[in-house]
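Next come the chains, spelled out residue by residue.
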Amino acid sequence: MPHKIKIIGAGLAGTEAAWQLASSGLDLEIELWEMRPKVKTPAHHTDNFAELVCSNSLGSEFLTTARGLLIREMEHFDSLIIKAAKDAKVPAGQALAVDRDLFAKYITDKLESHPSIKIIREEFDQEIIDNNDEAIIIATGPLTSAKLSKRIQEFLMKTNPEAKSSYLHFFDAAAPIITAESINMDIAFKASRYDKGDGADYINCPFYNKNDFDNFYQALIQAKRAPLKDFEKENMRYFEGCMPIEAIAERGQKTLTFGPMKPVGLKDPRRPNDRAYAVVQLRQDNVVGSLYNLVGFQTNLEWGEQKKVFALIPGLENLEIVRYGVMHQNIFINSPLFLDSNFRVKQSSNIFFAGQVTGVEGYTESAASGLMAARSLIAQIKKTNFDLPRSTMMGALSHYISSCEPKYFQPINSNWGIINYEPEALEMKYRKNKTLKNEFLANRALEALNS
Ligand SMILES: Cc1cc2nc3c(=O)[nH]c(=O)nc-3n(C[C@H](O)[C@H](O)[C@H](O)COP(=O)(O)OP(=O)(O)OC[C@H]3O[C@@H](n4cnc5c(N)ncnc54)[C@H](O)[C@@H]3O)c2cc1C
C-alpha cells in the first residue's frame, strides 16, 4: 500500500519537499496543497509555486560564504530549487540570482507534471492530527493563512501544553546578529548589569565620549530605512517591546540612554572610576558563544545602512553581521519547544514542519529545511536515519532550530557561527585568514556528506 503524504504550502520549502519525496523511488501518494490563487497572501503576486516575494537572489554561490556552502550541500541532495535557480540564472556577480518568473515556472511545471504528485489548489483548514495512515509536512511560510495558524496553535498546544504562551510568534522587527570574533574586546568588556547571572554574561560596548554618541545618534536617525510594502504600512503596529531602534531614537536621545543603551549598573574593569554615557549590550546567541545579538537593536534600516551605522558603536568598528535586522509580518513556531532536529514534531512522529514557519530565515534556508524534512520522512518510512552532522550547514541549521534557548529563539540564516568545529583542530594559517578558514570548514562539510 502506498504511503500517503500531505504537503501544505507550495512555497520554497513545500516544493522542495514534494520533489524530494517524489524522487525517492518509494511508493507514495503525495498531495501538494496551495491556497493561491483562491486565497491570496499579502506578499505573493502570482499563482506560481515557489514565488520569490522580494529579492531575486538566493545568495552567494561562493563556497567560502555560508550560503554558498548551503547551496552546494543542497545540490548534493539533488535539490529542485537549486536546479531551477541554475536554469533561470541571471548575471549578478557571485550571487545566484534568477529570473523569478522562469524560476517559479520551472518548479511549477516539474511538480504539476509529476505522476506521483496530486496538486490541490485549496486553503488547508483541517484539524491537524497525528495519524499513522498519513504524514503531513506543514510548509506554509511566514504568511500562513489565519485559519491554519489557528489550527497549528491548537495542535501545538495539545502536544506541549506547558508551552501555551510561546507556540506561535509574531514580531515586527529583529535585531542583527554578529560574530563574536568581529567584536573588538580591547574596547568592549564583559559584565552583566548589576553583576546579575554569572556577572559577565554580556559583552558591553561603551560610549565614553559624548561626541561619538552624538555622531552615532545622527547617523541612526538619518539612515535610510527599508521600504515598506503597502500592506505592511496598513498593518504597521509596533509592539513597545519590539520597536525598531531608529523609531525609539526618533523620540529623542534620552529614550536611548534611558532605554536600550542605558549605562547604569555596568562596570568596566579597565575603567572602574568612569561611567559611560551610553552602552550597547550584546547577548550570546548560541551555545558555543560564536554569535551575539545587539540587545534592543531590532531595526528596519536598509542592510548597508545597518553595517555603516552600527560600525560607529565602539568595539564594533569591524562588525560582521551574520543576520541583519528585518521587519515584516512573520509568524513562526517556537521550534526548539516542538521540533526535533529532523523537523519532526517531538510528540507526533507523522507531522513535520518546514520552511520559514520553523524559524529558518531566507529562501535558500527555507528550501533546505523542506529538503531535510522530506529526507527525514523518507528515512522514517525506510526505517533508517537521516542525521546530518553539525559540521554541515544543513545539520547546523536543523540543530539550531531544535536546540536554541526557546526564550530567545529568533529566525536564523545560514552562517559560519552555527557550524560545529573545535578551534584547536584548525591549523594556525586557517585561524588567521577568514577566507581560508571558511574554505576549510566548507570542504570539511562536503567531505562529511560524501563519506
Ligand atoms: C514580505 C517578505 C519579504 C521577504 N523577502 C525575502 C528576501 O528578499 N530574501 C529572502 O531570502 N527571504 C525573504 N523572505 C523570507 C522567506 O525567505 C520567504 O518568505 C520564503 O518564501 C519562505 O519560504 P516558505 O516555503 O517557508 O514560505 P512561502 O514561500 O511563503 O510558501 C508558503 C506557501 O504556503 C501557502 N499557504 C499559506 N497558508 C496556506 C494554507 N492554509 N493552505 C494552503 N496553502 C497555504 C502560501 O500561499 C505560500 O505559497 C521574505 C518574507 C516576507 C514575508
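Residues numbered from 1 in each chain as written. Predicted model: local features only at pLDDT ≥ 70, side-chain atom pairs only at ≥ 80, totals over all residues.

Peer 1: Just give me the short version of the overall build of the chain, but keep the residues and values in it.
Peer 2: Along the chain, the regular secondary structure elements total 15 helices and 17 strands. Its C-alpha atoms give the chain a radius of gyration of 22 Å, within 12% of the compact-globule value 22 Å for 451 residues. Overall, the C-alpha framework of the chain stretches about 75 × 50 × 45 Å when taken along its three principal axes. Scored against the burial criterion, the 451 residues of the chain give a buried share of 46%. Restricting to contacts in the chain with at least 6 residues of sequence separation, those with at least 24 account for 73%. (Helix = DSSP H or I, 4+ residues; strand = E, 2+ residues; numbered from the N terminus. Rg over C-alpha atoms; globule rule 2.2 N^0.38 Å. Buried ≥ 20, exposed ≤ 12 C-beta atoms within 10 Å, placed from the backbone. Contact = placed C-beta atoms within 7 Å.)

Peer 1: Any details on the domain arrangement of the chain? Residues and values, ideally.
Peer 2: Taken domain by domain, the chain holds domain 1 (3–171 + 330–450) and domain 2 (177–323). Placing the centre of domain 1 and that of domain 2 at their C-alpha centroids yields a distance of 31 Å. (Domains from an automatic or database assignment.)

Peer 1: An account of the sheet that holds strand 5 (residues 95–98) is requested, with residue identities and associated values reported.
Peer 2: In spatial order, the strands read 3-5-4; together these three strands make up an open sheet with antiparallel pairing. Of all the strands in the sheet, just strand 3 (57–60) and strand 4 (89–90) have a single pairing partner and so form its edges. Here strand 4 pairs with strand 5 via two bridges, running antiparallel. Note that in strand 5 the partner of Lys-89 across the bridge is Val-98. (Pairing = 2+ DSSP bridges.)

Peer 1: Kindly report on the environment of Glu-447, identifying the contributing residues and their values.
Peer 2: Counting through the fold element by element, Glu-447 comes out in helix 15 (residues 434–450). The exposure class of Glu-447 is exposed, given the 11 C-beta atoms found within 10 Å. Taking the C-alpha atoms as reference, Glu-447 lies 15 Å from Asp-387; in sequence the two are 60 residues apart.

Peer 1: Go over the packing of helix 2 (residues 66–76) against helix 15, please, and point to the residues and values.
Peer 2: Packing of helix 2 against helix 15 brings their axes to within 10 Å, and their N-to-C directions diverge by 15 degrees. The angle between the axes of helix 2 and helix 15 places the two elements in the roughly parallel class. In this structure, helix 2 meets helix 15 at a crossing whose hand is right-handed. Contact with helix 2, carried on its side by Leu-69, Arg-72, Glu-73 and His-76, involves Ala-442, Ala-445, Leu-446 and Leu-449 of helix 15 and no other residues of that element. Across the contact of helix 2 with helix 15, the residue classes break down as five nonpolar, one polar and two charged. (Axes fitted to C-alpha atoms, helices over the stretch in contact; angles between N-to-C directions. Parallel < 35°, antiparallel > 145°, perpendicular 65-115°, else oblique. Left-handed = near helix turned anticlockwise from the far one by under 90°. Nonpolar A, V, L, I, M, F, W, Y, C, P; charged D, E, K, R; others polar.)

Peer 1: Before we move on, could you go through the pairing of strand 13 (residues 291–294) and cite the residues and values that matter?
Peer 2: Residues Leu-291 and Asn-293 line one face of strand 13 and the alternating positions Tyr-292 and Leu-294 line the opposite face, and both faces are buried. Pairing analysis gives three bridges linking strand 9 (residues 177–179) to strand 13, with the strands arranged antiparallel. Note that in strand 13 the partner of Ile-177 across the bridge is Asn-293. Pairing of strand 12 (residues 278–284) with strand 13, which is carried by three bridges, proceeds in the antiparallel orientation. Across the sheet, the residue bridging to Leu-282 is Leu-294, located in strand 13.

Peer 1: Explain the nonpolar core to me, and be specific about the residues and the numbers.
Peer 2: Grouped together as the largest cluster of nonpolar side chains are 86 residues, with contacts concentrated most on Ile-7, Ala-17, Ala-18 and Ile-137. Looking at which element gives the most residues to this core, the answer is helix 12 (residues 363–382), with nine residues. Formed by 41 residues, the second largest nonpolar core is a distinct cluster that contains Ala-188, Phe-213, Met-243 and Leu-282. (Core = buried A, V, L, I, M, F, W, Y, C linked by C-beta atoms within 7 Å.)

Peer 1: Talk me through the sheet that holds strand 11 (residues 202–207); I want residue IDs and the actual numbers.
Peer 2: To summarise the sheet geometry, strands pair through backbone hydrogen bonds and adopt either a parallel or an antiparallel arrangement. If you trace the six strands from one edge of the open sheet to the other, you get 10-11-12-13-9-14, paired in antiparallel fashion. For this open sheet the edge positions go to strand 10 (189–190) and strand 14 (321–323), each flanked by a neighbour on one side alone.

Peer 1: Break down the packing of helix 2 against helix 12 for me, citing the residues and quoting the values.
Peer 2: At a minimum axis separation of 11 Å, helix 2 and helix 12 run at an interaxial angle of 30 degrees. In terms of crossing hand, the pair formed by helix 2 and helix 12 is left-handed. Contact with helix 2, carried on its side by Arg-67, Leu-70, Ile-71 and Met-74, involves Thr-364, Glu-365, Ala-367, Ala-368 and Leu-371 of helix 12 and no other residues of that element. Residues of the contact of helix 2 with helix 12, tallied by class, amount to six nonpolar, one polar and two charged.

Peer 1: Go over the environment of Pro-272, please, and point to the residues and values.
Peer 2: Examined against the element boundaries, Pro-272 turns out to sit in the loop between helix 9 (253–257) and strand 12. Classification of Pro-272 as exposed rests on a count of 7 C-beta atoms within 10 Å. For the pair Pro-272 and Leu-436, spaced 164 residues apart in sequence, the C-alpha to C-alpha distance is 40 Å.

Peer 1: Run through unusual backbone geometry, naming residues and quoting values.
Peer 2: The omega torsion of the bond from Arg-36 to Pro-37 falls at 5 degrees, within 30 degrees of zero and hence cis. Considering the arrangement of structural elements, one finds Pro-37 in the loop between strand 2 (28–33) and strand 3. Positive phi outside glycine occurs at Tyr-194, with the angle close to 55 degrees. Accessibility expressed as a C-beta count within 10 Å gives 11 for Tyr-194, which makes it exposed. Not every positive phi belongs to a glycine, and Lys-383 is a case in point at roughly 60 degrees. Among the secondary structure elements, Lys-383 is positioned in the loop between helix 12 and helix 13 (393–403). Among the residues examined, Lys-383 registers 6 C-beta atoms within 10 Å and is labelled exposed.

Peer 1: Mind laying out helix 5 (residues 146–159), listing which residues take part and the relevant values?
Peer 2: Because each turn of an α-helix spans 3.6 residues, side chains separated by three or four positions in sequence point in the same direction. Given a rise of 1.5 Å per residue, 14 residues ought to cover 20 Å, and the 20 Å separating the end C-alpha atoms of helix 5 matches this to within 8%. Within helix 5 the residues assigned to the buried category are Leu-148, Ile-152, Phe-155 and Leu-156. The buried side chains of helix 5 occupy one side of the element, clustering within an arc of 95 degrees when seen end-on. When the buried face of helix 5 is taken as reference, the exposed residues oriented beyond 90 degrees from it are Ala-146 and Glu-154. (Expected span 1.5 Å × (residues − 1). Arc of directions from axis to C-beta.)

Peer 1: I'd like a description of helix 15, backed by residues and values.
Peer 2: If you check helix 15, its first and last C-alpha atoms are 24 Å apart, about what 17 residues at 1.5 Å a residue would give, namely 24 Å. Every buried residue of helix 15 is listed here: Lys-437, Asn-438, Leu-441, Ala-442 and Ala-445. Across the axial projection of helix 15, the buried residues extend over an arc of 130 degrees, all falling on one side. What points out from helix 15, more than 90 degrees from its buried face, is the exposed set Thr-435, Asn-443, Glu-447 and Asn-450.

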